[in-house]
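Notes for the structure review
Listed below, chain by chain, are the residues.
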Amino acid sequence: MRSRDLNLVVFGRGNVGRALLRQLAAAEWPAGNVTVRVRAVADRGRLCVSSAGFSPSELRSLADGSVPSAVKIIEPAPSWTAAGALAVPESGVPSAAVDLTAATSGSDHSALLERGWSVITANKKPTTGPQADFDRLTGSGRYFREATVGAGLPVISLIRELRETGDKILEIRAAASGTLGFICSSCEAGLGFAAAVSEAKRMGFTEPDPRDDLSGMDVARKALILARSLGSVAELSDIRVDSLIPSGLEAGDPTSFLERLPSASARFDAQFAAAAREGKRLRYLLSANPQGIAVGLSSESPDSPFAALSGPENMFVIRTRRYDTAPLVVRGPGAGAEVTAAGVFGDILRAARES
């Protein structure tokens, strides 16, 4: 089978971006009948361009934070579409952009799709805006988003395959936050809620402000992506979200929040204690089905698959018409640069094959 070529522009060189560059550098091309050439990497206001495509050693240098001397640097970085035109002259070879940023709007993705590019993303924001934006992006047939939910776990592709083969998905329940999973496990092991949050921050599991995790909004965005992937029409405002931020601690800087948290955590400590007395486990879960979407703490019996979770693992339980009494279970690491980059890498190969 003839190898498919793909030109690639990578936007974002944070932890996941660097891991992806290392994985691309280590790949032996063609990989799965695909050959990828990274033509440009954009990061912090500059665009690094290689007309011939970066060599493995150049990709490793970029991953390590340096810029090879032979690389062309454009500052400030142009718009996404302009960056694509500069990096990839019209050649008849399919092109794709990888979005590993945290704040890109869907308009950048739409502009590239309109030019015939594919878009591969780990960024949840473009597909958790208005339903019309989700429909436009995913309806293009060139939008790949496996890493938006579950890092490298094959959840989005599994949902797509189930639907394409005529199955009907009845419900998805998931532990989709490694951070909140770690906090729940720590409380279960005897730590108070405030101490568990502080330990999660110390270990690097939380955002710089732990309230970004405790609010539940990251899980709500994942729930919305899953619900829309099932075919539901929904907006972020439709989701019932159980926040783990104690009342009165919503404002203030992160240091002040952590200092005040021990005196405001009695409600959560009581909830974990009550669950333990009943022989149950508290887990922060999302639920998506045709009746609605909910996100919050759930008291799980010992025979629940979620009861066996420990630490920052993710688990997705998918109940369908075919898999009803014995649902499908996808379990594994739901966070981490390497596994997220691997999910993106898989989408890059899919984009090349489907171009």
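Below, the structure is looked at part by part. (Residues numbered from 1 in each chain as written. Predicted model: local features only at pLDDT ≥ 70, side-chain atom pairs only at ≥ 80, totals over all residues. Heavy atoms only, no water.)

As a further point, take the pairing of strand β10 (residues 281-289). Most of β10 is tucked away, with 8 of its 9 residues classed as buried. Both strand β8 (residues 169-175) and β10 contribute to a ladder of 3 bridges, which runs antiparallel. For Ile172, the partnering residue across the bridge sits in β10 and is Ala288. Note that β10 and strand β11 (residues 292-300) share 9 bridges and pair antiparallel. Residue pairing for β11: Ser287 is matched across the bridge by Ala294. Linking β10 back to β11 in an antiparallel pair, the connection comprises 2 residues. (Buried < 20%, exposed > 50% of the residue type's maximum accessible area, 1.4 Å probe, protein only. Helix = DSSP H or I, 4+ residues; strand = E, 2+ residues; numbered from the N terminus. Pairing = 2+ DSSP bridges.)

This paragraph deals with the environment of Thr121. Position of Thr121 relative to the elements: it lies in strand β6 (residues 118-121). Overall, the relative accessible area of 1% leaves Thr121 in the buried class. C-alpha of Thr121 to C-alpha of Pro262: the two residues are 141 residues apart in sequence and 38 Å apart in space. Aside from chain neighbours lying at most four places away, what touches Thr121 is Asp99, His109, Tyr143, Phe144, Arg145, Ala147 and Thr148. Here the side chain of Thr121 touches Asn123 through a polar contact of 2.8 Å, landing on its backbone nitrogen. (Contact = heavy atoms within 4.5 Å. Polar contact = N/O pair within 3.5 Å; in protein donor to acceptor, adjacent residues only side chain to side chain.)

Judged by nonpolar contacts, the single largest core of 49 residues is most densely connected at Ile183, Phe193, Leu214, Leu226 and Phe316. Ranked by the residues each element gives to this core, the list is headed by helix α10 (residues 217-229), at 7 residues. Apart from residues lying up to four places away in sequence, Phe193 is in contact with Ile183, Cys187, Leu214, Leu244, Leu261, Ser265, Phe268, Asp269 and Phe272. The next biggest cluster of nonpolar side chains, apart from the first, holds 33 residues, and it includes Cys48, Val98, Ile348 and Ala352. (Core = buried A, V, L, I, M, F, W, Y, C linked by side-chain atoms within 4.5 Å.)

Taken residue by residue, helix α8 (residues 193-202) has Phe193, Ala194, Ala196, Val197 and Ala200 as its buried positions. Seen from one end, α8 has its buried residues packed into an arc of 165°, which puts them on one side. Of the residues flanking the end of α8, it is Gly204, one or two places downstream, whose phi is positive at about 85°. (Arc of directions from axis to C-beta.)

Empty space within the largest pocket amounts to approximately 1300 Å³. Take the lining of the largest pocket: its biggest share by element is 5 residues, from α10. Taken together, the residues of the lining of the largest pocket break down into 16 nonpolar, 16 polar and 8 charged. For the second largest pocket, the calculated volume is near 360 Å³. (1 Å grid on protein atoms, 1.4 Å probe; cavity = no way out; pocket = protein on both sides within 12 Å on 5 of 7 lines; lining within 4 Å. Points joined across faces, edges and corners; volume = space filled by probe spheres on them. Nonpolar A, V, L, I, M, F, W, Y, C, P; charged D, E, K, R; others polar.)

Here we take up the sheet that holds β10. Pairing in this open sheet of 6 strands is mixed, and the strands run β9-β11-β10-β8-β12-β13 from one edge to the other. Two strands bound the open sheet, and with one partner strand each, they are β9 (240-241) and β13 (328-333). Alignment of β9 against β11, held across 2 bridges, turns out to be parallel. Paired with Arg240 across the two strands is Ala294, which belongs to β11.

On the surface, Arg163, Lys168, Arg321 and Arg322 cluster together into a patch of positive charge. Residue position: Arg163 is located in helix α6 (residues 155-164). (Patch = residues over 30% accessible without salt bridge, like charges linked within 9 Å, V, L, I, M, F, W, Y side chains within 5 Å. Areas by Shrake-Rupley, 256 points an atom, 1.4 Å probe, with all protein chains shown as cover. Salt bridge = Lys/Arg side-chain N within 4 Å of Asp/Glu carboxyl O. Lys, Arg positive; Asp, Glu negative; His and termini not counted. Charge placed at Lys NZ, Arg CZ, Asp CG, Glu CD.)

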